[in-house]
Amino acid sequence: MSRIGRKHIDVPADVQVKFENGVVTVKGKLGELSQAIASSDISVKIEPGVVTVERANDEKQTRAYHGLYRQLIANMVSGVQKEFTKTLIVAGVGYKCAVNGDKLVMNIGYSKPVEYTAPAGIKLACPDPLTIVVSGINKEHVGEVAAQIKAKRPVEPYHGYGLHYSNEVVVRKEVIKTGKK
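Residues numbered from 1 in each chain as written. Predicted model: local features only at pLDDT ≥ 70, side-chain atom pairs only at ≥ 80, totals over all residues. Heavy atoms only, no water.

Caption draft 1: Quick peek at the pattern of salt bridges. With the rule as written, the count across this model stands at 5 salt bridges. In this structure, the salt-bridge partner of Glu115 is Lys103, at a minimum N-O distance of 3.4 Å. Of this pair, Glu115 sits in strand β10 (residues 114-117) while Lys103 sits in strand β9 (residues 103-107), placing them 12 residues apart in sequence. Judged by its relative accessible area of 34%, Lys103 is partly exposed. Taking the shortest distance from any N to any O, the salt bridge between Glu168 and Lys150 comes out at 3.3 Å. One end of the pair, Glu168, is in the segment after β13 (162-165); the other, Lys150, is in helix α2 (residues 139-150), and 18 residues separate them in sequence. Classification of Glu168 as partly exposed rests on a relative accessible area of 29%. (Salt bridge = Lys/Arg side-chain N within 4 Å of Asp/Glu carboxyl O. Helix = DSSP H or I, 4+ residues; strand = E, 2+ residues; numbered from the N terminus. Buried < 20%, exposed > 50% of the residue type's maximum accessible area, 1.4 Å probe, protein only.)

Printed below as a string of structure tokens:
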């Protein structure tokens, strides 16, 4: 049995969970999220304070869905209580970023500033010119937006210039030395 799938999900008092017509809906103080359950072999049991995800059989695909949907529901429950965040670091000489309304403007070594418009449900912030904070209630969307921003300027391996996550280890290469000894 799936180690993730068999765990129950604790639901706080201020969060409401519904399962109707194959769609799980979670509503909390920060907003509402919903997730369609693609498999008819997966069922969601809702009891006061606890949500349990169960499967009908032991087929390989059903076992995979069991853990997947349990974790997606758990992420929705925690997302409507407290926002998920990803922090990006801007590294480079003359590199900087700023937020103007819903647009992120980045000067990251190109001839013109790079602009990125935040999609609905995502908040962008720049606490300082070298840090970008992406936040929202949907963990999947926060990660996707952070990855799209990071892709605007991948980290260069020799000097470390570019965008990277705050918890990411940047692997640096040694500079090639030429000349005779």
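Caption draft 2: Focus on the layout of surface pockets. Put simply, the largest pocket is a space of about 180 Å³. Around the largest pocket, the lining residues are Leu33, Ser34, Gln35, Leu72, Asn75, Met76, Asn138, Lys139 and Glu140. Put simply, the parts of the chain that give the lining of the largest pocket at least two residues each are β4 (31-36), α1 (60-79) and α2. Here the residues of the lining of the largest pocket sort into 3 nonpolar, 4 polar and 2 charged. (1 Å grid on protein atoms, 1.4 Å probe; cavity = no way out; pocket = protein on both sides within 12 Å on 5 of 7 lines; lining within 4 Å. Points joined across faces, edges and corners; volume = space filled by probe spheres on them. Nonpolar A, V, L, I, M, F, W, Y, C, P; charged D, E, K, R; others polar.)

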